[in-house]
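Geometric and topological summary
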Amino acid sequence: MLEATAVGIVACDLTVRRLTMVQGNDDQDFWAFAAMSAAELNYPDPPAKSPSWLALAQAVFNLQVSRWDTKYCGGGLRWQIFAFNNGYDYKNTISNGGFFQLAARLARYTGNQTYADWAEKSYDWIIGTPLFTSQYLIYDGAQIEDNCTVAEKLQWTYNVGTFLMGAANMYNFVRLHPASTYTSLSLNRANTPSRQTATPNGAPPLKASSTAAKPSSPPNTAPT
């Protein structure tokens, strides 16, 4: 049984009261990944009065959609959740990559197009920053005071792995749901000439082509 009271989880979205001084969006993503894995592997759900594994992952997604910040850098998630924490003014790759992966896995698992829309939106945002390069280097993050124009050039393997996992799930989403708005996805720039000019830093586009009309932007409200 989930011990929600013991760890201070609020509203089943994996916000932990006693961790407010250190909790970041990336932390929530990691816990949501565990919940998604449990759902994907058909692990027995908690008792009926507790949220399902899927519901936990969806709650984190919904909460992070509400934190998508267009005031600075044209979008993206901040590293830290609360303004009093160091790192609140930093938009880091793992928080945004985690959101991308979570959206992609939810899209694949549920077949809901809105999750796919947010996966693409978050991916398109980050490849428009210096955090992705034409050499496929993925940097740690950027400060909002520079409008995310200067990358902190630390590199971590989990950033790469997080995006690979998300991209694989988006690929599977398209194959499982051929009527979706996406017909081909790629992390190989050589296979995506139609999007080459759309990424000024040369980062690899996610979507190569589309046969259906796509909304101008994902819905402002996330699915429940």
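The notes below deal with the structure included here.

1. Comments concerning helix H4 (residues 93-110)
Its 18 residues give H4 an end-to-end C-alpha distance of 25 Å, which sits within 8% of 26 Å, the value for a rise of 1.5 Å per residue. A positive backbone phi angle near 75° is found at Gly111, which sits one or two residues after H4.

2. With respect to the packing of H4 against helix H5 (residues 113-127)
Where H4 meets H5, the axes come as close as 8 Å, and the angle between the chain directions of the two elements is 155°. As summarised for this structure, H4 and H5 are arranged roughly antiparallel, according to the angle between their axes. Classified by chirality, the crossing of H5 by H4 is left-handed. Residues Thr93, Asn96, Phe99, Phe100, Ala103, Ala104, Leu106, Ala107 and Thr110 of H4 pack against Tyr115, Ala116, Trp118, Ala119, Ser122, Tyr123, Trp125 and Ile126 of H5. Here the contact of H4 with H5 is built from residues that sort into 13 nonpolar, four polar and no charged.

3. Quick word on the packing of aromatic side chains
Under the criterion given, the structure shown has 16 aromatic pairs. Aromatic pair Trp68 and Trp125: ring centres 6.1 Å apart, planes at 75°, arrangement edge-to-face. Taken together, the positions of Trp68 in the loop between helix H3 (53-66) and strand S3 (90-92) and Trp125 in helix H5 put the pair 57 residues apart, joining distant regions of the chain. A relative accessible area of 11% means that Trp68 is categorised as buried. Their ring planes at 70° and their centres at 6.0 Å tell us that Tyr123 and Phe163 sit as a pair that is edge-to-face. Taken together, the residues Tyr123 in helix H5 and Phe163 in helix H6 (residues 157-176) connect sequence positions 40 residues apart. Its relative accessible area of 1% is what places Tyr123 among the buried residues. Site record: aromatic cluster; members linked through ring pairs are Phe61, Trp68, Phe99, Tyr115, Trp118 and Trp125.

4. Re the state of the cysteines
Working definition of a disulfide: a covalent bond connecting the sulfur atoms of two cysteines. Counted according to the given criterion, the structure contains one disulfide. Across the disulfide from Cys73 sits Cys148; the S-S distance is 2.1 Å. Negative torsions about the S-S bond denote left-handed disulfides, and the value of about 75° found for Cys73 with Cys148 makes this one right-handed. With Cys73 in the loop between H3 and S3 and Cys148 in the loop between strand S4 (141-143) and strand S5 (151-152), the pair connects residues that are 75 residues apart, well separated along the chain. Each member of the pair, Cys73 as well as Cys148, is classed as buried.

Parameters at a glance
- Residues numbered from 1 in each chain as written.
- Predicted model: local features only at pLDDT ≥ 70, side-chain atom pairs only at ≥ 80, totals over all residues.
- Heavy atoms only, no water.
- Helix = DSSP H or I, 4+ residues; strand = E, 2+ residues; numbered from the N terminus.
- Expected span 1.5 Å × (residues − 1).
- Axes fitted to C-alpha atoms, helices over the stretch in contact; angles between N-to-C directions.
- Parallel < 35°, antiparallel > 145°, perpendicular 65-115°, else oblique.
- Left-handed = near helix turned anticlockwise from the far one by under 90°.
- Contact = heavy atoms within 4.5 Å.
- Nonpolar A, V, L, I, M, F, W, Y, C, P; charged D, E, K, R; others polar.
- Phe/Tyr/Trp six-rings, centres within 6.5 Å; stacked < 30°, edge-to-face > 60°.
- Buried < 20%, exposed > 50% of the residue type's maximum accessible area, 1.4 Å probe, protein only.
- Disulfide = S-S within 2.5 Å.

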